[in-house]
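# Working through the structure, step by step
Residue strings, one per chain:
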Amino acid sequence: MQKREYHTTSRNEILPFIAVGVLGATTVYTHRALEQMDKDWDEYYDKVAEYKAKTGIDPEKEHSTVSKQIDEKKEDNKSS
C-alpha cells in the first residue's frame, strides 16, 4: 500500500481572497444603500410637492425662515 502525502495551503494565500470578498460585499451593500437613499429622497420631494399643492405652504421655506430667526436671536444675544 502506498502512502499519499497531501500539502496544505498556507494561510497567507487565502487572505487576499477574503479581502476581495469583504470589499465586494461592502461595495454591493453601499451601492444598494445609496440607491435606496435616492429613492427615499425622490419620494420625499414628491410628498413635499403634493403637500405644497394641497396647502400652499412650503415646509422647506418655513424651516429656513425659522432657522434664520433662531440664528438672528443668537446673534442678538451675543451682542447684548
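Summary of the structure given here. (Residues numbered from 1 in each chain as written. Predicted model: local features only at pLDDT ≥ 70, side-chain atom pairs only at ≥ 80, totals over all residues. Heavy atoms only, no water.)

In this structure the tally under the stated criterion is three aromatic pairs. When the ring of tyrosine 44 is compared with that of tyrosine 45, the centres are 5.3 Å apart and the planes differ by 65 degrees; the resulting orientation is edge-to-face. In this structure tyrosine 45 comes out as partly exposed when scored by relative accessible area, which is 43%. Through pairs of rings, three or more aromatic residues link up here, namely Trp41, Tyr44 and Tyr45. (Phe/Tyr/Trp six-rings, centres within 6.5 Å; stacked < 30°, edge-to-face > 60°. Buried < 20%, exposed > 50% of the residue type's maximum accessible area, 1.4 Å probe, protein only.)

The subject of this paragraph is the pattern of salt bridges. The tally for this structure, following the rule as stated, stands at two salt bridges. For lysine 54, the salt bridge identified is with glutamate 50, shortest N-O distance 3.4 Å. With a gap of four residues between them, lysine 54 and glutamate 50 both fall in helix H1 (residues 11-55), about one helical turn apart. Since its relative accessible area comes to 66%, lysine 54 is described here as exposed. Of the residues examined, glutamate 50 reaches a relative accessible area of 45% and is grouped as partly exposed. Residue lysine 52 pairs with aspartate 58 through a salt bridge whose shortest N-O separation is 3.6 Å. You can call lysine 52 partly exposed: its relative accessible area is 33%. (Salt bridge = Lys/Arg side-chain N within 4 Å of Asp/Glu carboxyl O. Helix = DSSP H or I, 4+ residues; strand = E, 2+ residues; numbered from the N terminus.)

Another aspect to go through is a nonpolar patch on the surface. On the surface, a cluster of nonpolar side chains totalling about 530 Å² of accessible area is made up of Ile14, Leu15, Phe17, Ile18 and Val22. Positionally, valine 22 belongs in helix H1. Assessed through its relative accessible area of 51%, valine 22 is described here as exposed. (Patch = residues over 30% accessible without salt bridge, like charges linked within 9 Å, V, L, I, M, F, W, Y side chains within 5 Å. Areas by Shrake-Rupley, 256 points an atom, 1.4 Å probe, with all protein chains shown as cover.)

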